[in-house]
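# Fold and contact review
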Amino acid sequence: MAQWEKLIEQILRLNKSLRYEDLSKALKTIGYEARQPGGSHVTFRKTGKMPITIPKGNPVNKAYIELVRDAVIVSEGEDKE
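What comes next concerns the included structure. (Residues numbered from 1 in each chain as written. Predicted model: local features only at pLDDT ≥ 70, side-chain atom pairs only at ≥ 80, totals over all residues. Heavy atoms only, no water.)

### Examining helix α1 (residues 3-12)
Among all positions of α1, only Leu7, Ile8 and Ile11 are buried. Projected onto a plane normal to the axis of α1, the buried residues spread over an arc of 100 degrees and lie on a single side. (Buried < 20%, exposed > 50% of the residue type's maximum accessible area, 1.4 Å probe, protein only. Helix = DSSP H or I, 4+ residues; strand = E, 2+ residues; numbered from the N terminus. Arc of directions from axis to C-beta.)

Below you can see the structure in the form of C-alpha coordinates.
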(Lines give C-alpha, C1' and ligand atoms only; values in the text may rest on other atoms or scores of the structure.)
Protein backbone atom coordinates (compact mmCIF):
# COMPACT_ATOMS: atom_id res chain seq x y z
CA MET A 1 0.00 0.00 0.00
CA ALA A 2 1.41 3.38 -0.98
CA GLN A 3 2.39 5.94 1.64
CA TRP A 4 -0.40 8.32 0.50
CA GLU A 5 -3.02 5.57 0.87
CA LYS A 6 -1.79 4.78 4.39
CA LEU A 7 -2.01 8.46 5.36
CA ILE A 8 -5.56 8.73 3.99
CA GLU A 9 -6.56 5.57 5.84
CA GLN A 10 -5.24 7.03 9.12
CA ILE A 11 -7.07 10.31 8.52
CA LEU A 12 -10.35 8.54 7.73
CA ARG A 13 -10.00 6.48 10.93
CA LEU A 14 -9.26 9.69 12.92
CA ASN A 15 -6.00 8.20 14.17
CA LYS A 16 -4.92 10.12 17.29
CA SER A 17 -1.24 9.64 16.49
CA LEU A 18 -1.42 11.90 13.40
CA ARG A 19 0.90 14.89 13.57
CA TYR A 20 0.63 18.41 12.16
CA GLU A 21 3.06 17.45 9.42
CA ASP A 22 0.78 14.59 8.29
CA LEU A 23 -2.29 16.82 8.08
CA SER A 24 -0.31 19.54 6.31
CA LYS A 25 0.95 17.04 3.72
CA ALA A 26 -2.57 15.75 3.07
CA LEU A 27 -4.02 19.24 2.62
CA LYS A 28 -1.22 20.34 0.30
CA THR A 29 -1.61 17.18 -1.77
CA ILE A 30 -5.31 17.90 -2.37
CA GLY A 31 -4.59 21.46 -3.45
CA TYR A 32 -4.60 23.64 -0.33
CA GLU A 33 -1.95 26.33 0.15
CA ALA A 34 -0.48 27.04 3.58
CA ARG A 35 -0.35 30.57 4.95
CA GLN A 36 1.03 31.42 8.36
CA PRO A 37 0.36 35.05 9.20
CA GLY A 38 2.22 34.56 12.47
CA GLY A 39 1.75 32.70 15.66
CA SER A 40 1.23 29.04 16.28
CA HIS A 41 -1.49 28.30 13.69
CA VAL A 42 -1.35 27.75 9.94
CA THR A 43 -4.31 28.46 7.66
CA PHE A 44 -4.74 26.31 4.58
CA ARG A 45 -6.73 27.82 1.70
CA LYS A 46 -8.15 26.48 -1.54
CA THR A 47 -10.23 28.42 -4.03
CA GLY A 48 -13.93 27.75 -3.49
CA LYS A 49 -13.40 25.98 -0.15
CA MET A 50 -13.59 27.09 3.47
CA PRO A 51 -10.16 27.75 4.98
CA ILE A 52 -8.84 25.21 7.47
CA THR A 53 -6.73 26.45 10.39
CA ILE A 54 -4.56 23.97 12.28
CA PRO A 55 -2.22 24.57 15.25
CA LYS A 56 1.40 23.61 14.59
CA GLY A 57 1.78 21.79 17.89
CA ASN A 58 1.56 18.06 18.47
CA PRO A 59 -0.47 16.08 19.31
CA VAL A 60 -3.23 17.37 17.06
CA ASN A 61 -6.72 17.56 18.55
CA LYS A 62 -9.31 15.21 17.02
CA ALA A 63 -11.43 18.18 15.86
CA TYR A 64 -8.67 19.27 13.47
CA ILE A 65 -8.27 15.74 12.13
CA GLU A 66 -12.02 15.73 11.43
CA LEU A 67 -11.70 18.96 9.42
CA VAL A 68 -8.97 17.43 7.28
CA ARG A 69 -10.93 14.19 6.93
CA ASP A 70 -13.93 16.12 5.60
CA ALA A 71 -11.72 17.99 3.10
CA VAL A 72 -10.17 14.72 1.92
CA ILE A 73 -13.59 13.09 1.47
CA VAL A 74 -14.82 16.04 -0.61
CA SER A 75 -11.60 16.01 -2.65
CA GLU A 76 -11.85 12.28 -3.33
CA GLY A 77 -15.44 12.78 -4.49
CA GLU A 78 -14.40 15.59 -6.86
CA ASP A 79 -11.68 13.40 -8.37
CA LYS A 80 -14.22 10.73 -9.30
CA GLU A 81 -16.51 13.15 -11.15
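Moving on, there is more to tell.
### Quick notes on the nonpolar core
One recurring pattern in soluble globular proteins: nonpolar side chains tend to sit buried together. The biggest cluster of nonpolar side chains holds 20 residues, and the ones touching the most others in it are Ile11, Leu23, Leu27, Tyr32, Phe44, Ile54 and Val68. Secondary-structure elements contributing two or more residues to this core are α1, α2 (20-29), β2 (41-45), β3 (52-55) and α3 (62-80). With residues near it in sequence (within four places) discarded, Ile54 still touches Tyr20, Leu23, Leu27, Ser40, His41, Val42, Phe44, Tyr64 and Val68. (Core = buried A, V, L, I, M, F, W, Y, C linked by side-chain atoms within 4.5 Å. Contact = heavy atoms within 4.5 Å.)

### Things to note about the pairing of β3
Sheet analysis places β2 next to β3, joined by four bridges and oriented antiparallel. Looking at the pairing, Val42 lines up with Ile54 of β3. Between β2 and β3, which follow one another and run antiparallel, lie six residues, and Gly48 among them has a positive phi close to 85 degrees. (Pairing = 2+ DSSP bridges.)

### Observations concerning the packing of aromatic side chains
Inspection of every chain in the model, using the stated rule, returns one aromatic pair. Aromatic pair Tyr20 and Phe44: ring centres 6.5 Å apart, planes at 40 degrees, arrangement tilted. Separated by 24 residues along the polypeptide, Tyr20 in helix α2 and Phe44 in strand β2 bring together distant segments of the chain. (Phe/Tyr/Trp six-rings, centres within 6.5 Å; stacked < 30°, edge-to-face > 60°.)

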